[in-house]
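Fold and contact review
These are the residues of each chain, in order.
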Amino acid sequence: MDRGSRQETLHCVMPWKALHMDERDGGIFAIPCCFSWIKDSYGAIGSASLLELWNSEGAQRIRQLIAAGRQHEICSPHCAYWMSGRYGETALRIVEGSQEFVENQKVNLAEIQRRQPVLRSKPMLLKVLPTLRCNLRCTMCYQCNYDTNGLGEGIWREIAQLLPYTHEIAFQGGEATLDKGFRNFFDSVELQSHRHVKISLITNGTVLDKRLLEGLRHVKLNYIIVSLNAATRETYARITGKDFFERVVGNLRQLSELAHNHSHGDFILHASFVVMRSNFHELPQFLEIASSLGIEVQLLNVIGNRNNEDIFVRTDQHETLRRVLDQASHISTGTAKEQVDRIRIILDSHRPPIAANGGEERRMKI
């Protein structure tokens, strides 16, 4: 496609950059982000090789829709990637590295400029879901299958073959730290020999043994996100079904010390909080805990309405949530304040429409 007929600057280039794994209905699929934000996928993991999925019909369709300005047909308007503005075409740059690593980026950049649906370049951002196994049962979690089977050695070999082109690998679950395949790969010669690869981890923070902590010390880290979702022991137990609050806060403290004294440079440590019915009242206290630990926060809107946790559809609770957000905004700064503002935008998008008589239309309470 020539420049004259090309659409305006892309607001999201993730389908040209990323091959992520996520769970839906007990299956693991390849997608450009996560099922919280996108409806379609590249295809099921195991139905084809990773590189075949990278250029599957599903992957091509996603790229074509976004290139045509039809992102709204497959993407949530509340997508964190989309809303942040940090994953658009204007943010593209070449990251220094080996000749093989840099050449792949140059090919990819040209393919994005031409809006190509079929790519010769390899994915640079991987998110790997080693297992669906998890030791928590969070009330809002939409995962419905906790199969203990891992990815299998074949997938790990394919991932190793992509390492020369990879900028970052993020691991999530289930709970990735419980999986033997993840731990073996984390310690593998293949990963250790590709020092340019940044490692990220999304975890519930309940497992931080000596082996894992030592492994984290010896790789280049980008970020670690620890799901806390509470500011008190009681709320944590009610959400997760386990009494691990003090353990997770203690592990966050150890990770914070590591983040500020890492041999390969600082990485970003986030405590994550899904804003929902069970915990929204603790948001200001959560922000204070994160600040005391010297770590960043990740605030997320709840996806779906499992166990009636979606506070955003509860119009009878909007004013209470708005007051909590006002308090949270008052005590927060920097990226934490940006996160609070994002939640406020999502709340405002659920505001009831104005009726013809000038009043708000009534919505059924849940």
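These figures come from a predicted structure and were not determined experimentally. Each chain has its residues counted from 1, running along the sequence as written. In view of the model being predicted, local features appear only for residues whose pLDDT reaches at least 70, and side-chain atom pairs are presented and counted only at 80 or more, with totals across whole chains, interfaces and linings using the full set of residues. Calculated side-chain values reflect all of the structure's heavy atoms, with hydrogen atoms and water omitted.

A few words on the packing of helix H13 (residues 318-331) against helix H14 (residues 334-349). Across the interface, H13 lies against H14 with an axial gap of 10 Å and an inter-helix angle of 160°. Looking at the two axes, H13 sits roughly antiparallel to H14. Between H13 and H14 lies a crossing whose hand is left-handed. Across the interface between the two elements, His318, Leu321, Arg322, Leu325, Asp326, Ala328 and Ser329 from H13 touch Lys337, Val340, Asp341, Ile343, Arg344, Leu347 and Asp348 from H14. Residues are grouped as follows: nonpolar covers Ala, Val, Leu, Ile, Met, Phe, Trp, Tyr, Cys and Pro; charged covers Asp, Glu, Lys and Arg; every other residue, Gly included, is treated as polar. Taken together, the residues that form the contact of H13 with H14 break down as six nonpolar, two polar and six charged. Axis definition: a line fitted to C-alpha atoms, limited for helices to the stretch in contact. Angles are taken between N-to-C directions and run from 0 to 180 degrees. A run of DSSP states H or I qualifies as a helix once it reaches four residues; a run of E qualifies as a strand once it reaches two. Both are numbered from the N-terminal end. Reported orientations rely on four angle classes, namely roughly parallel under 35 degrees, roughly antiparallel over 145, roughly perpendicular from 65 to 115, and oblique for the rest. Handedness of a helix crossing follows the sense of rotation of the near helix relative to the far helix, less than a right angle counterclockwise being left-handed and clockwise being right-handed. Contacts between residues were defined by any pair of non-hydrogen atoms, one from each residue, lying within 4.5 Å.

Taken residue by residue, the chain gives an average pLDDT of 90. The fraction at 70 or more is 94%. As a per-residue quantity, pLDDT reports the predictor's confidence and falls between 0 and 100. Segment residues 1-6 is flagged for pLDDT under 50; beyond a separation of four residues in sequence, or across chains, it makes six contacts in the model. Across residues 354-366, where pLDDT falls below 50, the model places 20 contacts with residues more than four positions away in sequence or in other chains.

As used in these notes, a disulfide is a covalent bond between sulfur atoms, one from each of two cysteines. Criterion for a disulfide: a pair of cysteine sulfur atoms within 2.5 Å. Under the criterion given, the structure shown has zero disulfides. The thiol sulfur of cysteine 33 is not disulfide-bonded, and the nearest other cysteine sulfur, from cysteine 79, lies at 5.3 Å. With no disulfide partner, cysteine 134 has as its closest neighbouring cysteine sulfur the one in cysteine 138, 6.4 Å distant.

Before going further, it helps to examine the sheet that holds strand E9 (residues 296-301). Taken in spatial order, the nine strands make up an open sheet running E3-E2-E1-E4-E5-E6-E7-E8-E9, and their pairing is mixed. Every interior strand has two partners, whereas the edge strands, strand E3 (43-44) and E9, have only one. Packing of helix H12 (residues 283-293) onto the sheet brings it into contact with strand E8 (268-275) and E9, and relative to E9 it is tilted by some 155°. Note: two strands are recorded as paired if DSSP finds a minimum of 2 bridges between them.

The next thing to look at is the pairing of E9. For a regular strand, the rule is simple: side chains alternate between the two faces of the sheet. We call a residue buried when its accessible area falls under 20% of the maximum for its residue type, exposed when it is over 50%, and partly exposed in between, using a 1.4 Å probe and counting protein chains only. Residues Val297, Leu299 and Asn301 line the buried face of E9, whereas the alternating positions Glu296, Gln298 and Leu300 sit on a face that is not buried. One ladder, built from six bridges, connects E8 with E9; its direction is parallel. Along E9, the bridge assignment pairs histidine 270 with glutamate 296. With the strands aimed away from the viewer, a crossover counts as right-handed if its path from the first strand over the helix to the second runs clockwise. In the classification by handedness, the crossover that spans E8, the intervening H12 and the parallel E9 is right-handed.

What follows is about the pattern of salt bridges. Salt bridge, as used here: a side-chain nitrogen of Lys or Arg that lies within 4 Å of a carboxyl oxygen of Asp or Glu. This model, assessed by the stated rule, comprises 13 salt bridges. Across the pair aspartate 40 and arginine 61 runs a salt bridge, and its minimum N-O distance is 2.2 Å. Pair noted here: aspartate 40 is in the loop between strand E2 (27-31) and E3 and arginine 61 is in helix H3 (residues 57-67), with a separation of 21 residues, a long-range link. A salt bridge links aspartate 348 to arginine 322, with the nearest nitrogen and oxygen atoms 2.8 Å apart. Of this pair, aspartate 348 sits in helix H14 while arginine 322 sits in helix H13, and the two are 26 residues apart along the sequence.

Here the focus is H3. Regarding H3, the residues found buried are Ala59, Ile62, Arg63, Leu65, Ile66 and Ala67. Buried residues belonging to H3 abut helix H1 (14-17) and helix H2 (50-54). Positive backbone phi, approximately 75°, marks glycine 69, located one or two places after H3.

With that settled, consider the pairing of strand E1 (residues 18-24). The buried fraction of E1 amounts to six of the seven residues, a majority that puts the element mostly inside the structure. Where E1 lies against strand E4 (residues 125-128), three bridges are found, and the strand directions are parallel. Bridged to histidine 20 within E4 is lysine 127. For E1 and E2, the ladder comprises five bridges, and the chain directions are antiparallel. Directly across from aspartate 22, in E2, lies its bridge partner phenylalanine 29. In sequence, E1 turns back onto E2 through a hairpin of two residues, with aspartate 25 there showing a positive phi of about 55°.

Let's shift gears to the nonpolar core. Take the buried Ala, Val, Leu, Ile, Met, Phe, Trp, Tyr and Cys residues and link them wherever side-chain atoms come within 4.5 Å; each set so joined is a nonpolar core. By size, the foremost hydrophobic cluster in this structure holds 108 residues, and its most contacted members are Met21, Ile159, Ile169, Phe171 and Phe286. Element by element, the count of residues in this core is highest for helix H11 (residues 245-259), at seven residues. Excluding residues within four positions of it along the chain, phenylalanine 171 makes contact with Val128, Pro130, Trp156, Ala176, Phe182, Phe185, Ile199, Ser200, Leu201 and Ile202.

Before going further, it helps to spend a moment on the packing of aromatic side chains. Two rings from Phe, Tyr or Trp (for Trp, the six-membered ring) form a pair when their centres are within 6.5 Å of each other. A pair whose planes differ by under 30 degrees is stacked, one over 60 is edge-to-face, and the rest are tilted. Per the stated rule, a full pass over the model turns up nine aromatic pairs. Ring geometry for tyrosine 42 and tryptophan 54: centres 6.2 Å apart, planes at 75°, overall edge-to-face. Note that tyrosine 42 is positioned in the loop between E2 and E3 and tryptophan 54 in helix H2, a separation of twelve residues in sequence. By relative accessible area, tyrosine 42 is classed as buried at 3%. A centroid spacing of 4.9 Å and a plane angle of 70° characterise the contact between phenylalanine 171 and phenylalanine 182, whose relative ring orientation is edge-to-face. In this pair, phenylalanine 171 is assigned in strand E5 (residues 168-171) and phenylalanine 182 in helix H7 (residues 180-186), connecting sequence segments eleven residues apart. Pair check on accessibility: phenylalanine 171 and phenylalanine 182 agree, each one buried. Residue placement shows lysine 122 over the ring face of tyrosine 165; its charged tip is 5.1 Å from the ring centre. Any Lys NZ or Arg CZ found within 6 Å of a ring centre and within 35 degrees of that ring's normal is scored as a charge over the ring.

Counting through the fold element by element, alanine 80 comes out in helix H4 (residues 80-84). As a C-alpha pair, alanine 80 and valine 118 span 38 residues in sequence and 26 Å in three-dimensional space. When neighbours within four sequence positions are excluded, alanine 80 is seen to be in contact with Trp37 and Arg342.

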